[in-house]
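Chain by chain, the residues:
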Amino acid sequence: MATAESPKGVHHRNIKSQQSENFSPGADRDNMQEGDWMQWQKQTEKIKTKVMEQVQDQLSEILDRVLSESVQSLTHSQLTINGKTTSKHSSGAQRMDKVFMPRASLLDELFEISHIRTIYHMFIAVLLIFCLSSLAVDYIDQSRLVLEFDLLFFAFGKLGVVIMAWVPMFLYTLLVPYYTLVFWGSLYHTFPSKLLLSLGVGLILSAIQMCVLGVFPVYMVVQNQLPPASRLIVILEQIRFLMKTYSFIREMAPVKMKNAPKKGESPRLPTFSSYLYFLFAPTLIYRESYPRNSHIRWKYVCSTAGMILGCLFYGYFIIVRLCMPVFRPENNNQPFSKRTIILNVFHSILPGIMLLLICFFAFLHCWLNLFAELLRFADRMFYKDWWNSTSFANYYRTWNVVVHDWLYYYGYRDFLWLSGKRFRAAAMLSVFIVSAVVHEYALAMGFGFFYPVMFFLFGVIGVAFNFTMNDKRQSPVFNVIMWVCLFLGQGVQVCLYCQEWYAQIHCPPTGTSFWELVIPRSWSCNYQR
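Bear in mind the structure is a predicted one, so any value in this text is a computation, not a measurement.

1. As for the environment of Asp414
Locating Asp414 in the fold gives a position in helix H13 (residues 401-418). Assessed through its relative accessible area of 9%, Asp414 is described here as buried. Sequence spacing of Asp414 and Ala427 is 13 residues, and the spatial spacing of their C-alpha atoms is 8.9 Å. Within the structure, the side chain of Asp414 is placed 2.9 Å from the side chain of Arg250, a separation counted as a polar contact.

Dropping the structure here:
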């Protein structure tokens with residue numbers, strides 16, 4: 001095997017050549033062979049170490065895949081209900097249930113690699129640079145060193161109202177759906193008309209749910225004029241409680257319908273503690289039990305909470321240093337012009353993609369792992385390697401596994417079940433439309449105005465990309481295309497939403513007509529100096 005010789009080896013060989021008169025040719029040749037042998041041995045040890053690491057990684061991946069497939073196969077082929085094993089063909093709805101298993105989050109595993117951890121350190125360094133930049137600017141402008149976070153305090157203002165809105169929603173979600181299911185399940189197999197009972201209970205629960213989880217949070221947000229971050233807390237909790245409630249009823253109602261209790265036995269109902277655990281668990285799929293860790297790593301909890309706090313300050317600095325200087329009124333006399341739009345979109349690409357990465361890291365990694373650790377929830381697969389996607393179909397599946405699972409099992413799969421496994425394209429399209437509407441609803445309520453940028457990018461362009469850039473695209477070129485689209489999409493969103501935010505402040509609607517509310521103010525607003 002030919003190996004590169006180090007400079008130290010060359011130096012030694014030169015010394016040996018200069019002292020050749022003191023040694024016989026045979027001794028010199030033996031010394032050279034011994035040096036080559038040592039060098040070759042070190043090289044083979046390095047190669048052996050690299051090969052063992054690669055083999056270990058591949059074996060670990062294969063074992064994880066085999067374990068996942070075996071557990072899913074066992075779950076799909078045999079379903080045990082009330083102590084009796086049923087055939088896998090007995091229930092199509094239960095054949096492909098989600099399987100929870102102990103596994104770590106992908107970034108936690110990647111951070112064990114020093115090269116990946118260095119990228120994390122680079123982001124920390126950028127945060128420190130933002131802090132130093134703010135200190136320098138404040139010192140030059142005000143002759144004092146101070147870090148003011150007025151925008152952060154404004155965004156999270158009126159937290160008392162947020163708590164007043166959250167507590168009734170939580171108490172309703174905790175008590176009403178659970179005891180409604182208990183009441184319905186205890187009467188279902190003895191009631192004369194099962195359909196009438198189910199329709200009556202379902203309509204009453206839907207009406208109450210519409211009032212408490214539908215109208216009430218919107219009223220609290222609008223009536224109290226909450227700031228953006230506080231608005232998003234209330235609205236996102238509203239959506240989470242709705243999805244959790246639906247999952248609980250959707251998972252438990254079919255089980256109660258199919259399993260009649262024996263004579264003299266009371267119907268088996270889910271425990272209140274399992275439902276309470278589910279409300280805080282970082283998943284939207286209800287199970288009576290989940291894989292649990294043996295203990296809580298408090299050091300991990302503290303470090304994760306610190307990272308969440310760091311991400312808040314990171315987002316603050318990005319908005320203050322990279323977004324506000326571009327979109328202030330003094331820099332945009334006519335915001336909706338071709339030149340301004342194009343320049344602002346490209347100015348917004350960097351802060352836009354940084355905000356996307358920070359939101360992903362803060363919520364999908366830190367926030368969910370924080371609750372998972374506190375609850376000893378062992379299945380930490382909240383996302384997959386979406387950054388390696390070569391198709392938008394794979395990106396949508398791997399970006400947010402928690403929400404994707406809910407949409408897949410209760411939207412896409414139930415649509416196929418109702419349609420007899422026909423209209424797969426319609427099922428996929430309906431899931432995209434529902435997701436786009438919910439995303440747009442959250443942003444509209446959060447910002448306080450209607451501007452369907454997210455709906456257009458996600459529900460129109462995203463659908464087109466999903467069908468064109470599908471899983472057949474495996475070339476690395478398509479990963480580059482995906483990232484280019486993400487960069488441009490984030491730039492468009494940050495640009496248009498920031499322009500509309502300032503337009504709503506300086507050119508508020510003059511009436512309450514429908515068109516006044518739905519037509520963006522930035523299209524016609526001229527900022528007055």
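2. Observations concerning the packing of helix H6 (residues 159-187) against helix H9 (residues 272-280)
Packing of H6 against H9 leaves a shortest axis separation of 11 Å and a crossing angle of 140°. Judged by the inter-axis angle, H6 sits oblique to H9. H6 and H9 meet at a crossing whose hand is right-handed. Counting all contacts with H6, which are made through Phe170, Thr173, Leu174, Leu175, Pro177, Tyr178 and Tyr179, the residues of H9 involved are Phe272, Tyr275, Leu276, Leu279 and Phe280. For the contact of H6 with H9, the residue count by class is eleven nonpolar, one polar and no charged.

3. Brief notes about the packing of aromatic side chains
Inspection of the entire model under this criterion finds 49 aromatic pairs. With a centroid separation of 5.6 Å and an interplanar angle of 40°, the aromatic rings of Trp386 and Trp483 are classed as tilted. Of this pair, Trp386 sits in the loop between helix H11 (338-374) and helix H12 (392-399) while Trp483 sits in helix H16 (residues 476-506), placing them 97 residues apart in sequence. Taking 5.1 Å as the distance between ring centres and 80° as the angle between the ring planes, the aromatic pair formed by Tyr396 and Phe432 counts as edge-to-face. Highlighted residues: Tyr396 in helix H12 and Phe432 in helix H14 (residues 424-447), separated in sequence by 36 residues.

4. Examining the pattern of salt bridges
Throughout the structure, instances matching the rule amount to seven salt bridges. Here Lys98 makes a salt bridge to Asp405, at a shortest N to O gap of 2.9 Å. Residue Lys98 is located in the loop between strand S2 (84-86) and helix H3 (106-110), and its partner Asp405 is located in helix H13; the two are separated by 307 residues in the primary sequence. Judged on exposure class, the residue Lys98 and its partner Asp405 are both buried. Of the charged contacts in the structure, one is a salt bridge between Arg103 and Asp379, with a shortest N-O distance of 2.7 Å. With Arg103 in the loop between S2 and H3 and Asp379 in the loop between H11 and H12, this residue pair connects regions lying 276 residues apart in the sequence.

5. Considering unusual backbone geometry
Leaving glycine out, the prevailing phi sign among residues is negative, and the prevailing peptide bond configuration is trans. For Gln225, which is not a glycine, the phi torsion comes out positive at approximately 50°. Residue position: Gln225 is located in the loop between helix H7 (194-223) and helix H8 (228-258). The class for Gln225 is exposed, based on a relative accessible area of 52%. The phi dihedral of Arg376 falls on the positive side, at around 60°, and the residue is not glycine. Among the secondary structure elements, Arg376 is positioned in the loop between H11 and H12. A residue is classified by how much of its surface remains accessible, and Arg376, at 25% relative accessible area, is partly exposed.

6. Comments concerning a nonpolar patch on the surface
Together, Phe156, Leu159, Ile233, Leu309 and Leu312 make up a nonpolar patch on the protein surface, roughly 390 Å² of accessible area in all. By the secondary structure assignment, Phe156 is in the loop between helix H5 (150-155) and H6. By relative accessible area, which is 30% here, Phe156 ends up partly exposed.

What counts, and where the lines are drawn
Residues numbered from 1 in each chain as written. Predicted model: local features only at pLDDT ≥ 70, side-chain atom pairs only at ≥ 80, totals over all residues. Heavy atoms only, no water. Helix = DSSP H or I, 4+ residues; strand = E, 2+ residues; numbered from the N terminus. Buried < 20%, exposed > 50% of the residue type's maximum accessible area, 1.4 Å probe, protein only. Polar contact = N/O pair within 3.5 Å; in protein donor to acceptor, adjacent residues only side chain to side chain. Axes fitted to C-alpha atoms, helices over the stretch in contact; angles between N-to-C directions. Parallel < 35°, antiparallel > 145°, perpendicular 65-115°, else oblique. Left-handed = near helix turned anticlockwise from the far one by under 90°. Contact = heavy atoms within 4.5 Å. Nonpolar A, V, L, I, M, F, W, Y, C, P; charged D, E, K, R; others polar. Phe/Tyr/Trp six-rings, centres within 6.5 Å; stacked < 30°, edge-to-face > 60°. Salt bridge = Lys/Arg side-chain N within 4 Å of Asp/Glu carboxyl O. Patch = residues over 30% accessible without salt bridge, like charges linked within 9 Å, V, L, I, M, F, W, Y side chains within 5 Å. Areas by Shrake-Rupley, 256 points an atom, 1.4 Å probe, with all protein chains shown as cover.

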